[in-house]
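If you want the building blocks of each chain, they are given just below.
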Amino acid sequence: MFASLVERDDTLRLINTYHLFAAITRERIEPEFQTLDAAGTQDDDDAWTPRDLRWKAGAVTRAPRFVAPHQPRLDFQLWFHGLSFQRGRPAYVHMLLERMCEDADAVRSFFSVPPPPHPRAARVVYWQYHFTTPAERRATGAWWRRARVAVTSPVTCAAVP
């Protein structure tokens, strides 16, 4: 009986999901911006320095930030980008990487610790985040567990003037 009612509703389109979050995902994939500074090669993951965004998950030991009702625009857009990063790099992500290379002062307010003025390269690493259990948090101090999902090809920065 209920199934036939739902089928009738679907044909008449009486009920819709006209709101921002028609479906909620259980996956949390976060982009992390990184810079390659003085020493090291682009192939050496240890040579890259993570640049935590002020309102994103970031380091696993950093507690989740309370942002509601304030919703920082860049961080909010990056949340959506993390859900569909396989589709490519949107213009605002590419622009942020370029600004990290060319004009770090222009984007310093987005980051917990400002990026250096003239890195050799910048890239994005995507991480899948999960909250730790209370036992894990007591034992390690970490709020998050994360696993690397993907790495973009780096944007090479121009030589220092």
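Residues numbered from 1 in each chain as written. Predicted model: local features only at pLDDT ≥ 70, side-chain atom pairs only at ≥ 80, totals over all residues. Heavy atoms only, no water.

1. Describing the side chain of Thr132
Quick note on the threshold: For the purposes of this entry, the term helix denotes a DSSP run of H or I that reaches at least four residues, the term strand denotes a run of E that reaches at least two, and both are numbered from the N terminus. Contacts described as polar in this section are N or O atom pairs within 3.5 Å, which, within protein, must combine one atom able to donate a hydrogen with one able to accept it, while residues neighboring in sequence count only if both atoms come from side chains. In this analysis, two residues are considered to be in contact whenever any of their non-hydrogen atoms come within 4.5 Å of each other.
Tracing the chain through its elements places Thr132 in the loop between strand 3 (121-131) and helix 5 (134-140). Polar side-chain contacts of Thr132 include one of 2.8 Å to the backbone oxygen of Ala142. With residues up to four places along the chain from it excluded, the contact list for Thr132 reads Arg137, Ala142, Trp143, Trp144 and Arg145.

2. Focus: the environment of Asp52
If you trace the backbone, Asp52 turns up in the loop between strand 2 (48-51) and helix 2 (73-83). Between the alpha carbons of Asp52 and Pro115 there is a distance of 9.4 Å; along the sequence they are 63 residues apart. Residue contacts for Asp52: discarding those within four places in its chain leaves Glu32, Gly58, Ala59, Arg62, Phe111, Ser112 and Val113. Within the structure, the side chain of Asp52 is placed 3.3 Å from the backbone nitrogen of Ala59, a separation counted as a polar contact.

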